[in-house]
Amino acid sequence: MKTNVMFFSIFGTLPLILLSAGTMMVSSRQFSSPQVFGPNKPLVQNTAIAESDPDKTLSPYFFVKSNNPDLDQLPLKATSAEVNIAGVIANVSVVQEYANEGKNPIEAIYVFPASTRAAVYSMKMTIGERTIVAKISEREKARKEYEEAKQQGKSASLLEQDRPNVFQMNVANIMPGDRIRVELNYTELLIPENGVYEFVYPTVVGPRYSNQPAVTAPPREQWVNNPYTHEGEKPFYGFNISCTLSAGMPVSDVICATHKTDIRFDSPSDATITLKTEGKQGGNRDFILKYRLAGDKVQTGVLLFPGKDENFFLAMIQPPKQVKISVIPPREYVFIVDVSGSMNGYPLEISKKLLRDLITNLRPTDRFNVLLFAGASNLMSETSIAANNTNIEKAIGFIDRQQGGGGTELLPALKRALNLKGTEGFSRSFVIATDGYVTVEKEAFDLIRKNMDKANFFAFGIGTSVNRLIIEGMAHVGMGMPFVITKPDEAEATALKFRMYIQNPVLTHISVSYDKFDAYDVEPLTVPDVFSERPVIIFGKYRGTPSGSIKIKGMNGEGDYTSIISVKPSGSSESNVALRYLWARERIRTLSDYASAGFGGEDEYKPAIIELGLKYNLLTSYTSFIAIDNDIRNREGNSTTVNQPLPLPEGVSDYAIGGSSITKSAPSLRGVNSLDCVALESVVVDDKEETTVETKSVFTIVESMPQFTGGGTVVNNFIATNIVYPQMAIENGISGTVYVGFIIDEKGNVTDVKVLRGIGGGCDEEAIRIIKLTSGKWKPGMQNGKLVKVLMNVPIMFSMK
């Protein structure tokens, strides 16, 4: 039945009206801050409080193309990468080409990803015939120099690290007709797994969910507020990548399954990989190149770099073959699955296939549980249950009903899982499946690290452009393994790999010693258990002439294991200069781990990270690259800042940002302070588990909106005063938003109250009770002679003491 619907939310003190055309998933993720959408022009003119609105959170938004021919909103014209893989080290040169095809000077801001292991060591900017080599500087100082240059009318570029895998490029004073070329270089180590080498080049930063207020967010978090195109739309800029592979040994099975490529072998050990024409539209997903060495060999040994003041080494020591253990202790698995808006559709289908495979292959002696999370979490059982056929079918049905929608509240989900009582005598593992589109990486790592006595953690990244930082980081601090699944047909093989790893670790209780080799500043200090057949990696420095040996000892399924690798001067080469960058990058990661673990905190280790960044010319959280042209090119000093819109990663739906409903020409205004605005006409409400609202016609001005008349100036105050947090929710750490629909009749009474999407734990009942308390305290609203139906978001939020 068609019903007129008004939407408003009770976050803080500002009522919210959501207006759109098309189909929209209503959730706290998409609209965690007040916004109004309308066609072609603002529907509400009062935006005085927009900038200071305390309820506005950091959030991505859809790109709106203006009709102003004087402004170039798409300054990034092309991005490309040249990759040279020599042995086990990849050196990557990334080129970004900016141009201004408008009539006004602009500043371009482009947020882009990199490998989590990338050590960025240089940058330069080219304007016409002039090339300016960037210098490394402390972050605050570099930002100050950049802003001063921008105000002076000089062209400048600034490269900052917002996450180890998220960078931001600012290019100031791009004049009309300009073409500016920025080039940065990084290096990374390729570590084979089961004989397969993999090089990953991320192309786009996926939209991140954040519940952090924009007003209080530090500058390094502002990158989350970035425009995106709609699902399925290709990037506005060109993309290209080429790889030169010089393995040093015969190569076989060179494969790129993510992009259409041409692969040419120049010799048995050398290959060139280039994109085909159709592959150059692939800037919306990770480029993944895999290859093997002939005979499934892996490169092991010691690489040496004799520096001017310091010498560096890299040891790659192959562990033993995997040995099947005859007696496997019983295990308890808690599967924690992301069902938020960004997982809607393709990614969630991958997760479902993965979970079906993992759960149906549990042993009868195992126990398990399933926790689904979006804006809130939903637990299948209060305690882990036996892996019998009945419970397995129950779990699969529990997962299959999910459609994907809402925010990505990862931390509350992890806390709830950690609060679950474990099964005595069972080895416990948490299996997390997510795209990782959140901004709470550090908080998640801290939480896992502080609960290492409760479980180990295995993270599955789901999608074509996942946040590898959080996937790899959760596994790293949780002493587990990371996995990434980009396509449904990879789910079965990845699940099998996981079972092999967890049941039969390759090497445990590992120790490293040095005989007649003077090593120091070694990373890592302790080597974690090895779950797969991949080399043990050790970075370090050495003194004197390289000689002696490195020994690793450990235990596998057959007992004690020892491996010795010789150190010889023949492994020394000045071409191994990347070792100094890779060692420094690893040391920075260790210092960050120390800070997160509470050994002194961030302030204690920040100076050491700055010192490393400046000494080794590396981009870090606290050091940035800055390049400034000496010429004053924009004498008036005025320019427009343009955020380069990013494509949604392939397979990610519009629900990751705000639902496919938001019209492409719709501007958004924040800080609406009145309910007397606009409403939708002819709306269908589908009361399914995930509430969908579909509009059938254009916007119209409402004749009168419902108005709350009792218990305070706004309904928010009434709810805040009368809400009672359910004890069950407090005990289980449940919080979130309950979506309630109801009608206000002619007398101002509330009727037809129903929960459209709940969070359990007694919160749904409390939301209904609160809404019923408002009965008789409304002035009814009418539109086209019909009562207006209301959809209210009732936040059930509290702090755990």
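Draft legend 1. Molecular detail of the pairing of strand 33 (residues 536–542). Among the 7 residues in strand 33, 7 count as buried, and that is most of the element. Side-chain alternation along strand 33 places Val536, Ile538, Gly540 and Tyr542 on one buried face and Ile537, Phe539 and Lys541 on a second face that is also buried. In this sheet, strand 33 lies alongside strand 23 (residues 311–317) in antiparallel orientation, the contact comprising 7 bridges. The residue bridging Ile317 from the neighbouring strand is Val536, located in strand 33. Of the pairings in the sheet, the one linking strand 32 (residues 519–523) to strand 33 comprises 3 bridges and is antiparallel in character. When the sheet's bridge partners are listed, Ala519 is paired in strand 33 with Tyr542.

Draft legend 2. Representation of helix 6 (residues 468–477) in the model. Counting buried residues in helix 6 gives 8 out of 10 residues, a clear majority hidden from the surface. Those residues of helix 6 lying buried are Arg468, Leu469, Ile470, Ile471, Gly473, Met474, Ala475 and Val477. Following helix 6 by one or two positions, Met479 adopts a phi angle in the positive range, close to 55°.

Draft legend 3. Seen up close, the environment of Phe239. Its location among the elements puts Phe239 in strand 17 (residues 238–246). Phe239 sits 160 residues away from Thr79 along the chain, and the two C-alpha atoms are 5.2 Å apart. Once you skip the residues sitting within four places of it in the chain, Phe239 turns out to touch Thr79, Tyr201, Thr203, His259, Leu275, Gly279, Lys280, Gly282 and Gly283.

Draft legend 4. Representation of the sheet that holds strand 31 (residues 508–515) within the structure. Ordered in space as 31-34-35, the 3 strands form an open sheet in which the pairing is antiparallel. Both edges of this open sheet fall to strand 31 and strand 35 (559–566), since each of them pairs with a single strand only. On average, each strand axis in the sheet is tilted by 15° relative to the strand beside it, whichever way the strands run.

Draft legend 5. Up close: the nonpolar core. Counting 100 residues, the largest nonpolar core has Leu159, Phe199, Tyr201 and Phe287 as its most contacted members. Top element by residues in this core is helix 8 (residues 578–596). It accounts for 8 residues.

Draft legend 6. Molecular detail of the pairing of strand 12 (residues 154–163). Burial within strand 12 is extensive, with 10 of its 10 residues counted as buried. As paired strands, strand 12 and strand 36 (residues 623–632) are joined by 5 bridges and run antiparallel to one another. Residue Leu158 lies in a different strand from strand 36, and its bridge partner there is Ile626. Note that strand 12 and strand 13 (residues 166–174) share 7 bridges and pair antiparallel.

Draft legend 7. Region of interest: helix 2 (residues 346–360). Relative to the 21 Å expected for 15 residues at 1.5 Å per residue, helix 2 spans 21 Å between its end C-alpha atoms, a close match to the ideal helical length. Pro347, Leu348, Ile350, Ser351, Lys352, Leu354, Leu355, Asp357, Leu358 and Ile359 are the residues of helix 2 that are buried.

Draft legend 8. The arrangement of empty space enclosed by the protein in detail. Applying the stated criterion to the full structure yields 9 cavities of 30 Å³ or more. Roughly 90 Å³ of internal volume is contained in the largest cavity. As for the largest cavity, its lining consists of 14 residues, and the residues nearest its centre are Pro113, Asn165, Val204, Val466 and Asn467. Within the lining of the largest cavity, the residues separate by chemical class into 7 nonpolar, 4 polar and 3 charged.

Draft legend 9. Inspection of unusual backbone geometry at higher detail. For the bond from Glu523 to Pro524, the omega torsion is -5°, close enough to zero to count as cis. Counting through the fold element by element, Pro524 comes out in the loop between strand 32 and strand 33. For Asn194, which is not glycine, the phi torsion reads 55° and is therefore positive. Exposure remark for Asn194: the relative accessible area of 30% places this residue in the partly exposed category.

Draft legend 10. Main features of the pattern of salt bridges. Enumeration according to the criterion identifies 37 salt bridges in this entry. Note that Arg130 and Asp629 form a salt bridge whose closest N and O atoms lie 2.6 Å from each other. Of this pair, Arg130 sits in strand 10 (residues 130–133) while Asp629 sits in strand 36, and the two are 499 residues apart along the sequence. The class for Arg130 is partly exposed, based on a relative accessible area of 33%. Looking at Asp629, the relative accessible area reads 4%, which means it is buried. Of the charged contacts in the structure, one is a salt bridge between Lys135 and Glu145, with a shortest N-O distance of 3.4 Å. Taken as a pair, Lys135 in strand 11 (residues 135–138) and Glu145 in helix 1 (residues 139–152) lie far apart in primary sequence, 10 residues in all. Note on Glu145: relative accessible area 17%, which makes it buried. Salt bridges sharing common partners tie together Glu107, Arg139, Arg143, Glu147, Lys150, Glu160 and Asp162.

What counts, and where the lines are drawn
- Residues numbered from 1 in each chain as written.
- Predicted model: local features only at pLDDT ≥ 70, side-chain atom pairs only at ≥ 80, totals over all residues.
- Heavy atoms only, no water.
- Buried < 20%, exposed > 50% of the residue type's maximum accessible area, 1.4 Å probe, protein only.
- Helix = DSSP H or I, 4+ residues; strand = E, 2+ residues; numbered from the N terminus.
- Pairing = 2+ DSSP bridges.
- Contact = heavy atoms within 4.5 Å.
- Axes fitted to C-alpha atoms, helices over the stretch in contact; angles between N-to-C directions.
- Core = buried A, V, L, I, M, F, W, Y, C linked by side-chain atoms within 4.5 Å.
- Expected span 1.5 Å × (residues − 1).
- 1 Å grid on protein atoms, 1.4 Å probe; cavity = no way out; pocket = protein on both sides within 12 Å on 5 of 7 lines; lining within 4 Å.
- Points joined across faces, edges and corners; volume = space filled by probe spheres on them.
- Nonpolar A, V, L, I, M, F, W, Y, C, P; charged D, E, K, R; others polar.
- Salt bridge = Lys/Arg side-chain N within 4 Å of Asp/Glu carboxyl O.

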